[in-house]
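Structure at a glance
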Amino acid sequence: MNRFISTSDAARLDAADSLASLRAEFHLPTLDGEEVIYLTGNSLGLQPRGVESALNTELESWRTYGVEAHFHGPNPWMPYHERLTDSLARLAGAKPSEVVAMGSLTGNLHTLLASFYRPTAERPLLMCEAKAFPSDQYALASQAQWHAHGELFEICGTDPEGAPTPDEVLKAIAEHGRRGATLLLGGVHYFTGRAYPIAEITAAAEAQGMLVGWDLAHAMGNIPLKLHDWGVDFAAWCSYKYLNSSPGGVAGLYVHERHHGPETFRLAGWWGHDKASRFKMPAEFVPERSAESWQWSNAPVLGMAAQRAALDVFDRADLDAYRAKSLAMTDVLLGLLDHVSAQTGQEIKVLTPREPQHRGSQVSVQFVGRDRRFFDYLV
Ligand SMILES: *Cc1c(COP(=O)(O)O)cnc(C)c1O
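Residues numbered from 1 in each chain as written. Predicted model: local features only at pLDDT ≥ 70, side-chain atom pairs only at ≥ 80, totals over all residues. Heavy atoms only, no water.

The secondary structure content of the chain amounts to ten helices and eleven strands. Rg of the C-alpha trace for the chain: 22 Å, near the compact-globule value of 21 Å for 379 residues, within the 12% margin. For the chain, the C-alpha atoms occupy an extent of roughly 70 × 60 × 35 Å along the three principal directions. Relative to its 379 residues, the chain shows a buried fraction of 48%. (Helix = DSSP H or I, 4+ residues; strand = E, 2+ residues; numbered from the N terminus. Rg over C-alpha atoms; globule rule 2.2 N^0.38 Å. Buried < 20%, exposed > 50% of the residue type's maximum accessible area, 1.4 Å probe, protein only.)

Attention now goes to the nonpolar core. By size, the foremost hydrophobic cluster in this structure holds 52 residues, and its most contacted members are Leu-88, Leu-183, Ile-201, Trp-214, Leu-216 and Met-220. When residues of this core are assigned to their parent elements, the largest contribution, seven residues, is made by helix 8 (residues 301-315). (Core = buried A, V, L, I, M, F, W, Y, C linked by side-chain atoms within 4.5 Å.)

Applying the stated rule across the entire model yields 18 salt bridges. Across the pair Glu-60 and Arg-63 runs a salt bridge, and its minimum N-O distance is 3.8 Å. In this pair, Glu-60 and Arg-63 are both assigned in helix 2 (residues 51-65), three residues apart and thus about one turn of the helix distant. By relative accessible area, Glu-60 is classed as partly exposed at 44%. The exposed category is assigned to Arg-63, whose relative accessible area is 63%. Here Arg-258 ties to Asp-233 by a salt bridge, and the two come within 2.9 Å at their closest N and O atoms. Of this pair, Arg-258 sits in the loop between strand 9 (252-255) and helix 8 while Asp-233 is found in the loop between strand 7 (211-215) and strand 8 (234-237), placing the two residues 25 residues apart along the sequence. (Salt bridge = Lys/Arg side-chain N within 4 Å of Asp/Glu carboxyl O.)

With that settled, consider the state of the cysteines. Applying the stated criterion to the full structure yields zero disulfides. In this structure Cys-128 is a free cysteine whose sulfur lies 9.1 Å from that of Cys-156, the closest cysteine sulfur available. (Disulfide = S-S within 2.5 Å.)

Turning our eyes to something else, we now look at the packing of aromatic side chains. Scanning the model with the defined rule gives ten aromatic pairs in all. Ring plane angle 70° and centroid distance 5.9 Å describe the contact between Phe-314 and Tyr-322, whose orientation is recorded as edge-to-face. For Phe-314, a relative accessible area of 7% corresponds to the buried category. Of the residues examined, Tyr-322 reaches a relative accessible area of 25% and is grouped as partly exposed. Ring pairing ties together the aromatic residues Phe-116, Phe-234 and Trp-294, which thus form one cluster. Here Arg-278 stacks its cationic end above the ring of Trp-271, 4.4 Å away from the centre of that ring. Between the NZ or CZ atom of Arg-370 and the centre of the ring of Phe-374, over which it lies, the distance is 4.5 Å. (Phe/Tyr/Trp six-rings, centres within 6.5 Å; stacked < 30°, edge-to-face > 60°. Lys NZ or Arg CZ within 6 Å of the ring centre and 35° of its normal.)

Written as structure tokens, this is what we have:
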């Protein structure tokens, strides 16, 4: 049970909130002229107020300079993706050379697995959690199918609703890791909101000789991350959920610096080529020595402008305060749900672990005995 917090206690917490002013940086949807309480940032983050002018700036550069906007205007487009790097590195807990804003999440998973899932007869397994997000399930199954020795291994848990527990993951690694090529898990499970101990699981799988990647769709911009120090090999995220980048907005990826050398195989494109010689158009691909070398195409400037505006808000937030506030808010919500359940006799099953270290800012609940009409009513 979580503590029930009265309205006056909540008002006191709000008054002491060092991040309170940032709420005004976002447009909240309205219903009958009133701002709604928005609980769906895990699906589509709200629009930062700065996005409109950020887009207008690049539209103006396009109007004014045409293709020359790659080199002129307030933010020349050639290196535009570099403008996002430091902010993403801070959120990922990575070196700037280890992250890049690019592509889409599922596309980035495929391009990373092309480098980091190379199954052999001795190590055929691509290990992942059962009940992963459907796009991940399809992507991973097709990766396993693609390779001669490929074999998908889904780590099943005993909880019928949910993903495996960390202990169940660690047990599977201990039992099957010797046959594992690559482990790929969601950092925060999209359905239950369970946050995995990324450092511990990564270390256990690497000790078995596996490469380890994380899908951070629900983790970037949500929970504290230290990908570099944890030794994570690779990771990818979408940005339209917790990073407020706009629907289908530019995603991102991370690759540990130990893999940046030319000996790592990459599915190549011209934007990953060494910047110094890119426009000499040489016949042979020479990868840039950073995560940027996984880029394929010249980058979507309008999408990146929206993401840049959103990251401006994150840059202003102290990340410890951000995490503390997130946990305080879900504590309040859990306390309220327990209270409502006790008052009304309606059983409310909380699918998200209640321990703070095992959850992000998502609380998944099931109203036992209710159907779709109740869901629609709540929405
Ligand atoms: C949201 C989400 C996706 C969506 O993939 P896109 O390629 O961005 O459409 C994939 N995987 C997970 C775990 C997600 O939460």
